[in-house]
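For reference, the chains in residue letters:
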Amino acid sequence: MKNTMKKPVAIPAEKLHPFAGHPFKVKDDEEMNTLIESVQTQGILSPLIVRPIENTDEYEVIS
């Protein structure tokens, strides 16, 4: 799926993979619990940024 228009597109969740070298760490703390509650009530307000995984039709989540 190539998106040359730089507009949001829907990608099936099973085609998304974590970015193994991501410099940020997920913390299981009160701030994360607040974020979880926010997503549950308001949804995701900022789209994910992904990049294609070479020679596949899958993507790596980078942001």
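Right above here is the structure, for reference.
Residues numbered from 1 in each chain as written. Predicted model: local features only at pLDDT ≥ 70, side-chain atom pairs only at ≥ 80, totals over all residues. Heavy atoms only, no water.

Q: Describe the overall build of the protein, and please don't skip the residues or the numbers.
A: Check the secondary structure of the protein and you find one helix and three strands. The C-alpha radius of gyration of the protein comes to 14 Å, more than 25% above the 11 Å expected for a compact globule of 63 residues. Seen along its three principal axes, the alpha-carbon backbone of the protein occupies a region of about 40 × 25 × 20 Å. The buried share of the protein, reckoned over its 63 residues, is 5%. Counting only contacts in the protein whose residues sit at least 6 apart along the sequence, the fraction spanning at least 24 positions is 52%. Of the roughly 5,800 Å² of accessible surface on the protein, 59% is carried by carbon and sulfur atoms. Charge-centre separation for the protein: the mean point of 7 positive side chains lies 12 Å from the mean point of 10 negative side chains. (Helix = DSSP H or I, 4+ residues; strand = E, 2+ residues; numbered from the N terminus. Rg over C-alpha atoms; globule rule 2.2 N^0.38 Å. Buried < 20%, exposed > 50% of the residue type's maximum accessible area, 1.4 Å probe, protein only. Contact = heavy atoms within 4.5 Å. Areas by Shrake-Rupley, 256 points an atom, 1.4 Å probe, with all protein chains shown as cover. Lys, Arg positive; Asp, Glu negative; His and termini not counted. Charge placed at Lys NZ, Arg CZ, Asp CG, Glu CD.)

Q: Please set out the sheet that holds strand 2 (residues 50-52) residue by residue, giving values where relevant.
A: With mixed pairing, three strands are arranged side by side in an open sheet as 1-3-2. With one partner strand each, in any of the chains shown, strand 1 (16-18) and strand 2 form the two edges of the open sheet. Taking the axes of each pair of neighbouring strands and ignoring which way they run, one obtains an average angle of 35° across the sheet. With three bridges connecting them, strand 1 and strand 3 (residues 59-61) associate as parallel partners. (Pairing = 2+ DSSP bridges. Axes fitted to C-alpha atoms, helices over the stretch in contact; angles between N-to-C directions.)

Q: Quick rundown of the packing of aromatic side chains? Include the residues and the values.
A: The full count for this structure, using the stated rule, is zero aromatic pairs. When the ring centre of Phe-19 is taken as reference, the NZ or CZ atom of Arg-51 above it lies at 4.7 Å. (Phe/Tyr/Trp six-rings, centres within 6.5 Å; stacked < 30°, edge-to-face > 60°. Lys NZ or Arg CZ within 6 Å of the ring centre and 35° of its normal.)

Q: I'd like to hear about the environment of Ile-62, residue by residue, with values.
A: Looking at the element boundaries, Ile-62 is found in the segment after strand 3. Separated by 45 residues in sequence, Ile-62 and His-17 have C-alpha atoms that sit 9.3 Å apart. In contact with Ile-62, other than residues within four places in its own chain, are Phe-19, His-22, Ile-49, Val-50 and Arg-51.

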